Amino acid sequence: MLEIANLEVVYNEVILVLRGLSIEVPEGDIVALLGANGAGKTTTVRAVSGLLDVHEGEATKGSITWKGKDITHAKPSEIVESGITQVMEGRRVFAELTVDENLATGGFTVQDKAKTAESYDRVMDLFPILAERRKQTAGYLSGGEQQMLAIGRALMSDPELLILDEPSLGLAPMLIEQIRDIIVDINKQGVSVLLIEQNAMMALSIAKHGYILETGKVVMDGEAQKLLGDEDVQEFYLGLHGEGGERKSFRDVKHYKRRKRWLS
């Protein structure tokens, strides 16, 4: 459904961030894109969403294909209309607007009012708390409620692919579980998901396939459950090490065995 092939992205004409990135999102799947800060996750999202220009970035090599069509240099509005919607890191709700007004902005590109009403009902079913807060100003919602609103706003355009950039960031463990279950429900409704996360445990627990980024390259990928069971992934991303899987802090992890696919 979505294919990124050998993509290179440069910022300000000098800073190379993505170095030949290749990933795929099959139709109907949840795909996890993992990596530490600075690995290139958000740049990947910007490239798919057409937002590189805003950040002085440019795709200099490679391609992004959506349902067989090259969208590498397409405008953000064209990408949304084609069926791809992004939930940005940090929620980015319109704080001074109400919940309903925020949702209305998400359906701006949809001309069919009946379809918009159907999407609205779907969001209310997924997020009952938003139904209770419909007329409340978004800036007064809790962090978890704002994340739900951001996801709901994205669903108002009835996307085929939903890109979630760090949806668990800053949330309490109970809310992370709730967001995780919501992502699964959305996927069951037929929406493919590209999940960008630092929380490897949460992402891999629901994904079918996972990619691990480091310095703008994919250094490991495979079935999500296999990645969860991999010793290197456990050590570096899950803080597990040694027999019995006892906990270790990230600062105590001495090494990470980089398994570069291009050397295999």
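All values derive from a computational prediction rather than experimental measurement.

**Q** Outline the sheet that holds strand β5 (residues 69-70), supporting the account with residue identities and numerical values.
**A** Here 4 strands make up an open sheet; going across it, the order is β2-β1-β4-β5 and the pairing antiparallel. Whereas interior strands pair on both sides, the edge strands pair on one side only; in this sheet they are β2 (15-25) and β5. Direction of pairing for strand β1 (residues 2-11) relative to β2: antiparallel, over a ladder of 8 bridges. Bridge pairing in β2 places Y11 opposite I15. Sitting on the sheet, helix α1 (residues 41-49) is in contact with β1, β2 and β4 (57-66), with an inclination near 110° to β1.

**Q** Tell me about the pattern of salt bridges, and please be specific about residues and values.
**A** As enumerated under the stated definition, the model contains 9 salt bridges in all. Here D158 makes a salt bridge to K115, at a shortest N to O gap of 3.6 Å. Linking D158 in the loop between α6 (143-155) and β7 (161-165) with K115 in helix α4 (residues 113-126), this pair joins segments that are 43 residues apart in sequence. The shortest N-O distance in the salt bridge between R180 and D181 comes to 3.5 Å.

**Q** Outline α1, listing residues and values.
**A** With 7 of 9 residues buried, α1 is to be regarded as a mostly interior element. Of the residues making up α1, those classed as buried are K41, T43, T44, V45, A47, V48 and S49.

**Q** Outline the sheet that holds strand β8 (residues 192-197), listing residues and values.
**A** Across the sheet, 6 strands lie side by side as β6-β7-β8-β3-β9-β10; this open sheet has mixed pairing. Only two strands of the sheet have a single partner each, and these edge strands are β6 (84-87) and β10 (217-223). When strand polarity is set aside, the average angle formed by the axes of neighbouring strands in this sheet is 15°. Examined bridge by bridge, strand β9 (residues 209-214) and β10 share 6 bridges and lie antiparallel to one another. Across the sheet, the residue bridging to Y211 is D221, located in β10. Strand contacts of α1: β3 (30-34), β6, β7, β8 and β9, with the helix running at about 150° to β7, the strand carrying the most contacts. Across the sheet, helix α7 (residues 173-188) is in contact with β3, β7 and β8; its angle to β8 comes to roughly 155°.

**Q** Go over the environment of V93 with me, naming the residues and quoting the values.
**A** Along the polypeptide, V93 turns up in the loop between β6 and α3 (99-106). Distance from V93 to G139, taken between C-alpha atoms, is 7.8 Å for residues 46 residues apart in sequence. Dropping the residues within four chain positions of it, V93 is found in contact with N102, A138, Q146, L149, A150 and R153.

**Q** Summarise the nonpolar core; cite the residues concerned and give the values.
**A** Counting 46 residues, the largest nonpolar core has F127, I151, L162 and L204 as its most contacted members. Dropping the residues within four chain positions of it, F127 is found in contact with M148, I151, G152, L155 and I182. Within the second largest apolar cluster, 31 residues are counted, among which are L52, I163, I196 and V218.

**Q** Summarise the pairing of β7; cite the residues concerned and give the values.
**A** For β7, the buried fraction is high: 5 of the 5 residues fall into the buried class. Here 4 bridges tie β6 to β7, and the two strands are oriented parallel to one another. The residue of β7 that forms the bridge with Q86 is I163. Bridge analysis of β7 against β8 gives 5 bridges, and the strand direction is parallel. In the strand pairing of β8, L162 is matched with V193. Of the crossover connections in this fold, the one passing from β7 over α7 to the parallel β8 is right-handed.

**Q** Let's hear about the side chain of S157: which residues, and what values?
**A** Looking at the secondary structure, you find S157 in the loop between α6 and β7. Judged by relative accessible area, S157 falls into the buried class, the value being 11%. Within polar-contact distance, the side chain of S157 engages the backbone oxygen of A154 at 3.1 Å. Once residues lying within four places of it in the same chain are set aside, the contact partners of S157 are V80, T85, G106, T109 and V110.

Thresholds applied
Counting starts from 1 at the beginning of each chain's written sequence and moves along it residue by residue. A pLDDT threshold of at least 70 governs which residues receive local features in this predicted model, and a stricter bar of 80 or more applies before side-chain atom pairs are shown or counted, although totals over entire chains, interfaces and linings include all residues. With hydrogens and water stripped out, all remaining heavy atoms of the structure feed into the side-chain values. Two strands qualify as a pair provided DSSP detects at least 2 bridges between them. The numbering of helices and of strands both runs from the N terminus, where a helix is a DSSP run of H or I of at least 4 residues and a strand a run of E of at least 2. Any two residues whose heavy atoms approach within 4.5 Å at even a single point are treated as in contact. Where helices are involved, their axes are fitted lines through C-alpha atoms of the stretch in contact, as for all axes, and angles between N-to-C directions lie from 0 to 180°. Each salt bridge in this description consists of a side-chain nitrogen of Lys or Arg and a carboxyl oxygen of Asp or Glu lying within 4 Å of one another. Only protein chains enter the accessibility calculation, which uses a 1.4 Å probe. A residue is then buried if its area is under 20% of the maximum for its type, exposed if over 50%, and partly exposed in between. Working definition of a nonpolar core: buried Ala, Val, Leu, Ile, Met, Phe, Trp, Tyr and Cys residues. They are joined through side-chain atoms within 4.5 Å. When the strands point away from the viewer and the connection leading from the first strand across the helix to the second strand turns clockwise, the crossover is called right-handed. Polar contact is defined as a pair of N or O atoms within 3.5 Å, subject to the rule that within protein one atom must be able to donate a hydrogen and the other to accept it, and that residues adjacent in sequence are counted only when both atoms are side-chain atoms.

Bear in mind that shape data such as this cannot, by itself, settle questions of function.
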